[in-house]
Amino acid sequence: MSDSHELSRRDFIKVTTGIVGGLIGAIIGLPSVFYLIDPALQEGGKDAWVPIGKFEDMQVGTPYPFSFTRVQVNGWERTASSFGGYAVRKSDSPDDLLILNSKCTHLACTVNWSAEAQAYLCPCHDAKFSMEGEVVDGPPPRALDIYEEHRISEDGIIEIFFKAG
Amino acid sequence: MWKNIYLWLDERIGFNDLYTSLLDRPEPKTTWWNTLGSASMFLFVLQGLTGIFLTVYYTPSPDHAYDSINYIMQGVAFGWLIRGIHHWGATLMVLVVFIHMLRVFYTASFKYPRELTWLIGIGLFLTTLGMGFTGYLLPWNQKAYWATTVGTQIAGTAPFLGEFILKALRGGPDLSALTLQRFFSAHIWIIPAILAALIGVHLFLIIKHGESHWPKKDD
Ligand code: HEM
Ligand code: FES
């Protein structure tokens, strides 16, 4: 028999098995946890500054049309959504811009500026909005939505702050 | 309190007997070759675990299978590790099971009273190959597609029943969404269930008979 200070053959096997097993368990187990919760650690929808056009191209009295596309990636699925609107310039100051969303507040068709009618016309149910987006005629319950935040970049490009979702 | 719970359970389960028959049963003098059965079982469990994790992101549809695997490899934290283990573990398992079979043959351990253990073993070998065959299609890339096209064609050359077998494997005359779906189902449910049941009987028989001794010169 071995004396009490020495590890018996059986105990040695037990300890070695425990250590090796624990190591293998940890090396595979910990990454597995991250693997499972990975989507929860990703950023959600991305807010971003989106360029819509040069300030010098926007003329007082004529709404400036713009459109852009945002892509949302969920795993291997990419969903592209289109957005559009009109920048309405009122004076020389870039702060003095009204940036309208061209999505009709009735049932979400896209409105178009008509120089002839001096209004945004909706093709779906004949709504009519003034240059500032107020409802003039038709079923929409409220004025056109506006992009609240905008800024001008160093090279004179207007950017709006797009909030995801 | 824990002690009482332990005693209650022990009275009904018999931990001692369990321990003795699973971990402390008498063995003849054995070699490293006798560890290959346990190695096969370890790999089976490992494949099961990593496989379950892969199904968290994998999608068995022709539209998304390839992309979902790409996503596992590049988008998910440690996806490459989980898939890598499953990928190499599959090859290793076929290899280890085969060498285990060779060693049983070489030491003539299939003889009385272990014929049934051997027969079950043949079932284990075939189902292990079945896991490999069905798993290979799942990435739905060129290699997978054509390997399965050829593999099912080979099965289709069987006399009389050939065409039926080919259609049954593919779920129709062509490789399609149905093929991918039924291979997936076979790979994660049907074959593992058979494999687990066979392993259960295999182990029962091994515990019942004990390990055969290593043959001597005059055996
Ligand atoms: C998933 C596949 C398999 C698993 C998990 C497995 C598991 C095991 C285990 C744990 C043992 C006891 C330790 C050892 O002798 O290595 C064993 C023994 C045995 N296996 Fe397997 N096995 C598998 C495949 C096979 C195959 C393919 C055959 C043969 C066709 C086979 C035939 C046997 C026999 C006859 C024994 C008794 C050996 C003896 O008593 O010396 N097994 N198996
Ligand atoms: S959607 Fe514009 S008026 Fe109905």
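Everything below is about the structure shown above.
This one's a predicted model, so the numbers in the text were calculated from it and none came from an experiment.

**Observations concerning helix H5 (residues 79–106) of chain B**
- Here H5 of chain B is 28 residues long and its end C-alpha atoms lie 40 Å apart, about the 40 Å a rise of 1.5 Å per residue gives.
- Its axis deflected by about 25° at Gly89 of chain B, H5 of chain B carries its strongest bend there.
- By the burial criterion, the buried members of H5 of chain B are Gly79, Ile82, Ile85, His86, Gly89, Met93, Val96, Val97, His100, Arg103 and Val104 of chain B.
- In the core, the buried residues of H5 of chain B are packed alongside helix H1 (9–41) of chain A together with helix H3 (36–54), helix H4 (65–74), helix H6 (115–137) and helix H9 (177–209) of chain B.
- Positive backbone phi, approximately 55°, marks Ala108 of chain B, located one or two places after H5 of chain B.

**Concerning the state of the cysteines**
Residue and element names in this part refer to chain A.
- In this structure the tally under the stated criterion is one disulfide over all chains.
- Bridging Cys109 to Cys124, the disulfide has an S-S length of 1.8 Å. Looking down the S-S bond of the Cys109 and Cys124 bridge, the torsion is -90°, so its handedness is left-handed. Taken as a pair, Cys109 in the loop between strand S4 (97–101) and strand S5 (112–114) and Cys124 in the loop between strand S6 (119–121) and strand S7 (128–129) lie far apart in primary sequence, 15 residues in all.
- Look at Cys124 and you get partly exposed, because its relative accessible area is 35%.

Analysis parameters
- Residues numbered from 1 in each chain as written.
- Chains lettered and ligands numbered in written order.
- Predicted model: local features only at pLDDT ≥ 70, side-chain atom pairs only at ≥ 80, totals over all residues.
- Heavy atoms only, no water.
- Helix = DSSP H or I, 4+ residues; strand = E, 2+ residues; numbered from the N terminus.
- Expected span 1.5 Å × (residues − 1).
- Bend = angle between axes of the 7 residues up to and from the residue.
- Buried < 20%, exposed > 50% of the residue type's maximum accessible area, 1.4 Å probe, protein only.
- Contact = heavy atoms within 4.5 Å.
- Disulfide = S-S within 2.5 Å.

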